[in-house]
2 protein chains.
Amino acid sequence: MTETVSTQIQLVRRPQGWPVHEDFRTEKVDLGELAPGQVRVANAFLSVDPYMRSRMNDAKSYIPPFALGETMTGGAVGRVVESAAEGLPAGTVVLHQYGWRDLVQEDAAGFTAVPEIPGVPLSLHLGILGMTGMTGYVGLTAIAGMKPGDTVFVSGAAGAVGTAAGQIAKLLGAGRVIGSAGSPEKVRLLTEKYGYDAAFNYKDAPVREQLKAFAPDGVDVFFDNVGGDHLEAALDVMNRDGRIAVCGAISLYNSTEKTPGPDNLAKIIQQSLTIKGFTLGGYLHLREEFGARMTEWFGQGKIAYDETIVDGVEKSVDAFLDMMRGKNTGKMVVRV
Amino acid sequence: MTETVSTQIQLVRRPQGWPVHEDFRTEKVDLGELAPGQVRVANAFLSVDPYMRSRMNDAKSYIPPFALGETMTGGAVGRVVESAAEGLPAGTVVLHQYGWRDLVQEDAAGFTAVPEIPGVPLSLHLGILGMTGMTGYVGLTAIAGMKPGDTVFVSGAAGAVGTAAGQIAKLLGAGRVIGSAGSPEKVRLLTEKYGYDAAFNYKDAPVREQLKAFAPDGVDVFFDNVGGDHLEAALDVMNRDGRIAVCGAISLYNSTEKTPGPDNLAKIIQQSLTIKGFTLGGYLHLREEFGARMTEWFGQGKIAYDETIVDGVEKSVDAFLDMMRGKNTGKMVVRV
């Protein structure tokens, strides 16, 4: 029998503002023998994502909050090491949502086999080839109805979703793609590696001023990962019938005080804007469409990506916090 | 020849905050003889509407600002008194956008003939049978995609658009329709005359508290005429995939300071909400559909309406200000 002791990160207290290590604990759990129909999976990579911060709160949301005293769930990719289920033999690469643990043992129904592509790291199934890339694709297409020639602004553009969104926008024919990020290095990456036509450092000057200068003809589609001052700045310059896909509001996630919204919401009427919040859950029917297009682009070498890799399941909390603070470029993953 | 001197209200200064009489002047203009193709129309009723406040500012919007030194334009209904145009003989009832004047003389192309319905006052073409009623219809259908069974909240529900929207929501099969208004009399009218299932006075207690109590199962569609605290309260209680049709933001129109937006915009993501601003201009193709349904409902006696009528074209500014302050119930019109 293979190893059965699983190291797991559990949430034990709901964070106030920024999460701290004391909000979590590391547990070792002996999984015992496989029951019929179960598989045991050794995780290769775990995903840490901004949406997880919302789930740490005990608030009504699109998915229930993380349970206290239980292991943090989330996207992960690994390999079946022992199987008592037909269809998922040992060696199969699988995606799942069992999250922050090195070893997971559950019914086979909780895992999805993914093809192993030679030369492509498994971690990409958590990033550009997986939910992260699909979030960019869905936000631009199904949510914002991006049309060729549109000017697109992406906030938090150097993050995992942002780097995907910018490239996909260009591949879908956007006229001009503008991104914001939080350091000169990231700003440079956006234009040099990710095909952004222009990018700025939101710490250099008020977003309102910078965006106005970078989008002299206005913005048709705003893909928002940040909220706050970025949303306010975008509302100022949105063109008539503009569309805002609200993917994230990282500026608000760790705020303990109520943060007032933009002072220019009247633009919603004046410019007939549509603001639409989304999470991927409602758009899983587009998985095949996304997969087909992304595979084609990826195969043609048209997709760039970065990963920030942190080693060790016990470093999951650090990886999550670094990602929330913007220390990553591209997708942040934990290598088990 | 009939009377040719037209009394007109002109905008001479851009208001700061609440408009004052000094921002306008009353001019008498001799229209002279009809040119070929022109008609002269004696207005019966003029419309005063919230959107006009935005147009008094010199700001980018969906329609250009009112020109200084020129006569206020806007919806009006009248009768042709002299005609030099084929197709619009004297006696024809016409709708037009030439606004705040008793007599107007322009090319026939600027006027639309409307059928005279026995027993139906001409003013209704400016209200429930016209743009006002259509705004309610379009907001609920094309913008918010209201479905039978939906819980609908209408802010500023005793206004012209609000009284239309509430009734139309019920006729389209809404499960529960809740309205807010600014006086006990208006609140009573909403439930007793306009078919609202529940209504509250927003001056009685914070909207956030009241709406939560009146919508224990949440809100699916919010038809917003007010913005500000009403939008914030609605965001708190919107159900998943809820839709907000932003028709007006009367709370902001006369504000000279920047007003911060709602502190709970994260709900847009958490509940996958869609917020869509609109003006009727983009939906004129629905005029026939609206006309057919409204005529049917009206003929069946299913449509209630109120009008607040102010007499005299020179009282147009007073009528406009009273409407902005909520002194009207239902549609506010000026009788010439």
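A few points on the structure. From a predicted model like this one, the values you see are computed outputs, not experimental measurements.

### Considerations on the interface of chain B and chain A
Counting from both sides, the interface comprises 33 residues of chain B and, opposite them, 33 residues of chain A. When chain B packs against chain A, close to 2,700 Å² is buried across both sides, 57% of that on carbon and sulfur atoms. Where chain B meets chain A, there are zero salt bridges. Counting only elements with at least two residues in the side of chain B that touches chain A, the list comes to β13 (238-246), α7 (250-253), α8 (267-270) and β14 (274-277) of chain B. Examining the composition of the side of chain B that touches chain A, we find that four residues originate from one element, β14(B), more than from any other. Here the residues of the side of chain B that touches chain A are counted per class, giving 16 nonpolar, eleven polar and six charged. The sheet contact formed by strand β14 (residues 274-277) of chain A and β14(B) spans three bridges and is antiparallel. Within β14(B), the residue paired with K276(A) across the bridge is T274(B).

### Considerations on the sheet that holds strand β12 (residues 219-224) of chain A
One key point about sheets: their strands pair by backbone hydrogen bonds, in either a parallel or an antiparallel sense. The sheet built from twelve strands is open, its strands ordered β11(A)-β10(A)-β9(A)-β12(A)-β13(A)-β14(A)-β14(B)-β13(B)-β12(B)-β9(B)-β10(B)-β11(B) with mixed pairing. Either end of the sheet is taken by a strand with one partner, and the two such strands are β11 (198-201) of chain A together with β11 (198-201) of chain B. Within the sheet, the average angular offset between the axes of one strand and its neighbour, ignoring direction, is 15 degrees. Pairing of strand β10 (residues 176-181) of chain A with β11(A) involves four bridges; the strand directions are parallel. In the sheet register, G179(A) faces β11(A), and the bridge partner there is A199(A). Across the sheet, helix α2 (residues 131-143) of chain A is in contact with β9 (151-154), β12, β13 (238-246) and β14 of chain A; its angle to β12(A) comes to roughly 145 degrees. Across the sheet, helix α5 (residues 207-214) of chain A lies against β9, β10 and β11 of chain A, angled at about 165 degrees from β11(A), the strand it touches most.

### Overview of the pairing of β13(A)
All names here are of chain A. The buried fraction of β13 amounts to seven of the nine residues, a majority that puts the element mostly inside the structure. Judged from the five bridges that link them, β12 and β13 form a sheet pairing that is parallel. The partner of D224 across the bridge, within β13, is V246. The β-α-β motif built from β12, the intervening helix α6 (residues 228-237) and the parallel element β13 has right-handed crossover chirality. As judged from the four bridges shared by β13 and β14, these two strands associate in the parallel manner. Each bridged residue has a counterpart across the sheet, and for I244 the counterpart in β14 is I275.

### Notes on the pattern of salt bridges
The full count for this structure, using the stated rule, is 28 salt bridges over all chains. Salt-bridge contacts for K331(A) lead to D49(A); the nearest nitrogen and oxygen are separated by 2.6 Å. Here K331(A) is found in strand β16 (residues 331-335), whereas its partner D49(A) is found in the loop between β3 (38-47) and α1 (51-56), with 282 residues between them in sequence. Both residues of the pair, K331(A) and D49(A), count as buried. As a salt-bridge pair, D263(B) and R208(B) come within 2.9 Å of each other at their nearest N and O atoms. In this pair, D263(B) is assigned in the loop between α7 and α8 and R208(B) in helix α5 (residues 207-214), connecting sequence segments 55 residues apart.

Parameters at a glance
- Residues numbered from 1 in each chain as written.
- Chains lettered and ligands numbered in written order.
- Predicted model: local features only at pLDDT ≥ 70, side-chain atom pairs only at ≥ 80, totals over all residues.
- Heavy atoms only, no water.
- Contact = heavy atoms within 4.5 Å.
- Buried area = accessible area lost by both parts, 1.4 Å probe.
- Salt bridge = Lys/Arg side-chain N within 4 Å of Asp/Glu carboxyl O.
- Helix = DSSP H or I, 4+ residues; strand = E, 2+ residues; numbered from the N terminus.
- Nonpolar A, V, L, I, M, F, W, Y, C, P; charged D, E, K, R; others polar.
- Pairing = 2+ DSSP bridges.
- Axes fitted to C-alpha atoms, helices over the stretch in contact; angles between N-to-C directions.
- Buried < 20%, exposed > 50% of the residue type's maximum accessible area, 1.4 Å probe, protein only.
- Right-handed = clockwise from strand over helix to strand, strands pointing away.

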